[in-house]
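Residues per chain, in single letters:
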Amino acid sequence: MARIAIAGFLHETNTFVQRTTGMDAFLTADAWPGLVQGPTLFDAVAGTNIAIAGFIKEAAAHHHQLVPLLWASANPSGPVAQDAYEQIWAMLKRELEQAMPVDALFLDLHGAMVVEHIDAGQIEDAEGELLERIRAIIGPDVPIVAALDFHANISPRMVALSDALTVYRTYPHVDMSDTGRRAAIVLQRILAGERLHKAYRQIPFLIPLPWQCTLIEPLAALMHLVEQLERDGNVSASIVPGFPLADIYDCGPTVVAYGSDAAASEAVAQRLYDAMLAQRATFSGRLWSAADAVSHALASSGDGTIILADSQDNPGGGAAGDTTDILHELVRQRAPDACAGLLCDPAAAAAAHAAGVGATLELVLGAHSGIGAAPLAGRYTVEALGNGRFTGTGPFYLGCKMDLGTMARLRLDGIQILVSSHKQQAADQAMFRHLGIDPARQHILVLKSSVHFRADFSQLAREILIVAASGENVADLAKLHYQRLRPGVSTGIEI
Ligand SMILES: [Zn+2]
């Protein structure tokens with residue numbers, strides 16, 4: 001039996017977003033729990049598809065003593081405020097010092113956190129920094145294993161300061177808890193005395209989010225290759241596509257492989273690296289304009305739903321979740337039957353609650369972020385109201401206790417718009433059912449999501465169009481002005 005400290009500190013930072021992420025965002029629950037410290041961590045994550053939940057279950061099965069320190073996450077957004085990072089670190093440090101001595105440490109990290117003091121040149125690699133500070137307390141020999149998001153930008157420092165990293169294998173992320181379980185299995189090998197070699201490669205091109213989906217090629221086949229090589233080589237291996245909306249030195253995809261046989265681990269990493277480079281040109285697909293997507297959907301007839309993924313305003317990639325470009329297009333083309341969600345507009349949700357179901361009211365809806373088309377002004381009917389509290393039912397948000405603040409379903413002619421008070425990616429049918437909408441009965445469904453929606457919506461979709469309307473979660477990376485990437489890293493998909 002080992003005494004294992006466990007902690008989580010997660011943020012996916014879009015450095016092209018101007019709004020910083022403050023302490024409030026970590027304290028507030030969204031789809032995931034708000035900040036928890038000490039033993040309440042167990043209850044907060046129980047039953048969820050979160051990596052630390054999978055680690056807890058597997059480590060408990062091995063009868064280890066777990067010491068919960070802290071778990072904090074915030075929705076993807078702009079750089080983490082210095083005081084938020086330092087406050088959370090101070091809490092984690094205190095808990096860790098009290099927990100000492102420990103035999104091992106498990107961390108649930110995202111791997112793409114950037115803090116605002118990046119410009120001062122202090123902390124660019126927020127997880128590498130965190131690991132270094134932890135190492136200063138626990139020393140060089142206590143094993144550290146971390147579970148990371150599929151969108152982690154893994155730096156050399158993160159590899160050097162940890163003993164092993166396990167990474168989600170799916171996008172939509174339906175295996176988060178399983179990644180924690182795999183971390184526990186790797187840690188078990190280390191605690192049993194195995195010394196694992198670390199093989200690591202950085203890949204010299206960025207991959208736009210919509211083409212990182214593991215339900216489609218090339219990553220569907222590449223992920224099968226990971227599993228095959230892992231079995232054959234007795235290694236723990238990962239392809240990590242990374243989070244491209246981060247203008248940092250270590251942005252981009254990586255591969256890692258850990259095994260007791262150094263040559264075998266290096267060989268697996270090299271095979272995966274070569275396979276990624278061979279597929280370079282295939283990480284692409286059609287991006288639709290809002291006008292073309294709406295006219296295509298309106299011209300299409302038949303059973304099933306046409307999904308317009310409003311990918312660039314996906315709050316899951318740090319965007320505001322309130323742009324109106326596609327809504328304007330639906331109005332302009334007089335769509336008779338469409339439903340869009342989730343649009344973040346707390347004032348509109350509050351006004352709808354004050355007016356009540358059945359009332360009509362003048363609203364200037366959305367676009368309060370100032371991004372993209374103007375707010376959609378009009379006379380709306382309040383069709384349904386909700387308190388924003390419900391449980392996720394789809395594979396991605398399964399079991400998550402949502403708290404999206406006051407919600408309302410507003411109708412403008414044939415267009416139904418689901419409004420929330422907290423921004424959240426539209427990746428679960430329960431979000432629609434909460435406001436009385438059956439997604440399968442919609443002709444056109446507009447979802448503010450890039451890929452995660454596929455987990456719960458693919459089965460009802462006749463067609464999926466990835467739309468490049470206004471938003472900060474940019475799909476065509478060549479349009480962004482990167483300044484800090486490593487020399488030789490390409491933002492285009494051309495060979
Ligand atoms: Zn992710």
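Residues numbered from 1 in each chain as written. Predicted model: local features only at pLDDT ≥ 70, side-chain atom pairs only at ≥ 80, totals over all residues.

This part takes up the domain arrangement of the protein chain. Parsing the protein chain into structural domains produces domain 1 (3–282) and domain 2 (290–474). Distance from the C-alpha centre of domain 1 to the C-alpha centre of domain 2: 31 Å. Across the boundary between the two partners, domain 1 contributes 25 residues, which contact 27 residues of domain 2. Per-class residue counts for the side of domain 1 that touches domain 2 are 14 nonpolar, nine polar and two charged. (Domains from an automatic or database assignment. Contact = placed C-beta atoms within 7 Å. Nonpolar A, V, L, I, M, F, W, Y, C, P; charged D, E, K, R; others polar.)

A cis amide bond links Met100 to the next residue, Pro101, at an omega of 0°. Position of Pro101 among the secondary structure elements: in the loop between α4 (82–99) and β4 (104–109). The omega torsion of the bond from Glu217 to Pro218 falls at 10°, within 30 degrees of zero and hence cis. Within the secondary structure layout, Pro218 lies in the loop between β7 (197–202) and α8 (219–233). Positive phi outside glycine occurs at Asn234, with the angle close to 50°. Within the secondary structure layout, Asn234 lies in the loop between α8 and β8 (236–240). Under the C-beta neighbour-count criterion, Asn234 is labelled partly exposed, with 13 such atoms within 10 Å. (Helix = DSSP H or I, 4+ residues; strand = E, 2+ residues; numbered from the N terminus. Buried ≥ 20, exposed ≤ 12 C-beta atoms within 10 Å, placed from the backbone.)

Here we come to the sheet that holds strand β18 (residues 444–447). Reading across the sheet, the eight strands line up as β12-β13-β16-β17-β11-β18-β10-β19 and stay open at both edges, with mixed pairing between neighbours. Pairing within the sheet leaves two strands with one partner each, and these edge strands are β12 (360–365) and β19 (461–467). Between one strand axis and the next, the sheet turns through 30° on average, direction left out of account. In this structure, strand β10 (residues 305–310) lies alongside β18, joined through four bridges in parallel fashion. Along β18, the bridge assignment pairs Ala309 with Leu447. Strands β10, β11 (338–344), β13 (376–386), β16 (407–412), β17 (415–420), β18 and β19 of the sheet are contacted by helix α11 (residues 325–332), whose axis makes an angle of about 160° with β17. (Pairing = 2+ DSSP bridges. Axes fitted to C-alpha atoms, helices over the stretch in contact; angles between N-to-C directions.)

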